[in-house]
Amino acid sequence: MLECDYMRKILDSYQKLGGINHIDGPNLPSKAAIFRIAQDLLQLIYPGFFEDRTYRMADMAFETEQLVCSLSIRLKREIRRSLLYHMPEEINEKDPDLYTEHTVNEFLNKIADVRDILKTDAEAAFQGDPAALSMDE
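What counts and what doesn't
Per-chain numbering applies: the sequence of each chain, read as written, is numbered from 1 onward. Under the rules for a predicted model, residues below a pLDDT of 70 receive no local features and side-chain atom pairs below 80 are neither given nor counted, while totals for whole chains, interfaces and linings still include all residues. Side-chain metrics in this entry use all non-hydrogen atoms of the structure; hydrogen atoms and water are not considered. Any carboxyl oxygen of Asp or Glu within 4 Å of a side-chain nitrogen of Lys or Arg constitutes a salt bridge here. A run of H or I in DSSP counts as a helix once it spans at least four residues, and a run of E counts as a strand once it spans at least two, with each numbered from the N terminus. A 1.4 Å probe rolled over the protein chains alone gives each residue an accessible area, and that area as a share of the maximum for its type sets the label: buried under 20%, exposed over 50%, partly exposed in between. Paired rings are identified among Phe, Tyr and Trp, the last through its six-membered ring, by centres lying within 6.5 Å, and are further divided according to the angle between planes into stacked (under 30 degrees), edge-to-face (over 60) and tilted (the rest). Inter-axis angles, ranging from 0 to 180 degrees, are taken between N-to-C directions of lines fitted to C-alpha atoms, where helices are fitted over the stretch in contact. Roughly parallel means an angle under 35 degrees; roughly antiparallel means over 145; roughly perpendicular covers 65 to 115; every other angle is labelled oblique. By convention, the crossing between two helices is left-handed when the near helix turns anticlockwise from the far helix through less than a right angle, and right-handed when the turn is clockwise. It only takes one pair of heavy atoms within 4.5 Å for two residues to be counted as in contact. Polar here means any residue other than Ala, Val, Leu, Ile, Met, Phe, Trp, Tyr, Cys and Pro, which are nonpolar, and Asp, Glu, Lys and Arg, which are charged; Gly is therefore polar. Throughout this description, the term nonpolar core refers to a set of buried Ala, Val, Leu, Ile, Met, Phe, Trp, Tyr and Cys residues connected via side-chain atoms within 4.5 Å. The rule is simple: put a 1 Å grid over the protein atoms alone, call a set of points where a 1.4 Å probe fits but cannot get out a cavity, call an open set with protein on both sides within 12 Å along at least five of seven lines a pocket, and count a residue as lining if it has an atom within 4 Å of a point. Grid points are joined across faces, edges and corners, and a volume is the space filled by probe spheres set on the points. You can read pLDDT as the predictor saying how much it trusts each residue, on a scale of 0 to 100.

**Student:** Help me out: how do you make sense of the pattern of salt bridges in this one?
**Tutor:** One side chain can pair with another of opposite charge once the charged atoms of both are near each other. The full count for this structure, using the stated rule, is 7 salt bridges. One salt bridge connects Asp59 with Arg56, and the closest N-O pair in it is separated by 3.1 Å. Between Arg80 and Asp97 there is a salt bridge; the shortest N-O distance is 3.2 Å. Placement of Arg80 in helix 3 (residues 60-85) and of Asp97 in helix 4 (residues 96-109) is noted, with a sequence separation of 17 residues between them. Judged by its relative accessible area of 52%, Asp97 is exposed.

Have a look at this one:
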């Protein structure tokens, strides 16, 4: 291991001050993981809009299944981390996995409804903007 004054000072600060996340304890959800989840949710809601690749309708079932499965796993992981960090009183400590599973399923079940609402919003914005050439704008 690197032995130098600044390394020792940094390690001492972890011991003395702690950190944002707990050392040797439960951590908060990962900001980087949440960011990637948000990006993938945008991809799920607007397929092909945020990536430089072409999607074919024939591949959408496979693509969507892969993305939804990945999102489900990652959402459960981050929700679980949140619950381990601080369990709300209304959740029985014996049921965090059941709560997490239910929450993620309910959330993903709303994606199609969110897409419908956003399409209506986009149509209204397009109709109200005489300078817009298409809804994609």
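After presenting the structure, the write-up continues.
**Student:** Just checking my understanding: could you explain the packing of aromatic side chains for this structure?
**Tutor:** The geometry of an aromatic ring pair comes down to the distance between the two centres and the angle between the two planes. The final tally for this structure, using the stated rule, is 3 aromatic pairs. With 5.3 Å between their ring centres and 75 degrees between their planes, Phe49 and Phe50 make a pair best called edge-to-face. The class of Phe50 is partly exposed, set by a relative accessible area of 46%. Connected via pairs of aromatic rings, a cluster forms that spans Tyr46, Phe49 and Phe50.

**Student:** What should I look at first to understand the packing of helix 2 (residues 31-45) against helix 5 (residues 111-128) in this one?
**Tutor:** The axes of two packed helices give the description: the angle between them and the distance between them. Where helix 2 contacts helix 5, the axes come no closer than 10 Å and their chain directions differ by 65 degrees. Judged on the interaxial angle alone, helix 5 and helix 2 are roughly perpendicular. Note that helix 2 runs across helix 5; the crossing there is right-handed. Residues Leu41, Leu44 and Ile45 of helix 2 form the contact with helix 5, whose own contacting residues are Ile111, Val114, Arg115 and Leu118. In the contact of helix 2 with helix 5, the residues fall into 6 nonpolar, no polar and 1 charged.

**Student:** I keep staring at the nonpolar core and nothing clicks. Help me out?
**Tutor:** Of all hydrophobic cores here, the largest spans 10 residues; its members are Ile37, Leu41, Leu44, Ile45, Leu67, Leu71, Leu75, Val104, Leu108 and Ile111. The leading source of residues in this core is helix 2, at 4 residues. Ignoring any residue separated from it by four or fewer positions in sequence, one finds Leu41 in contact with Leu71, Phe107 and Ile111.

**Student:** I tried to follow the layout of surface pockets on my own but got confused; where do I start?
**Tutor:** One water molecule sets the probe size; rolling that probe over the atoms shows where empty space is left. Taken as a whole, the largest pocket encloses approximately 420 Å³ of empty space. What lines the largest pocket is a set of 13 residues, and nearest its centre among them are Tyr46, Arg115, Ala122, Met135 and Asp136. When grouped by side-chain class, the residues that make up the lining of the largest pocket number 7 nonpolar, 1 polar and 5 charged. Taken together, 16 residues form the lining of the second largest pocket, with Gln43, Leu44, Thr64, Leu67 and Val68 sitting closest to its centre. For the lining of the second largest pocket, the leading source of residues is helix 3, giving 6 residues.

**Student:** Would you mind going over the confidence of the model for the chain with me for this structure?
**Tutor:** Low pLDDT marks stretches whose predicted atomic positions should not be read closely. Averaged over every residue, the pLDDT of the chain is 88; the share at 70 or more is 96%. When mean pLDDT is compared element by element in the chain, helix 2 scores highest at 96, while helix 1 (residues 5-17) scores lowest at 86.

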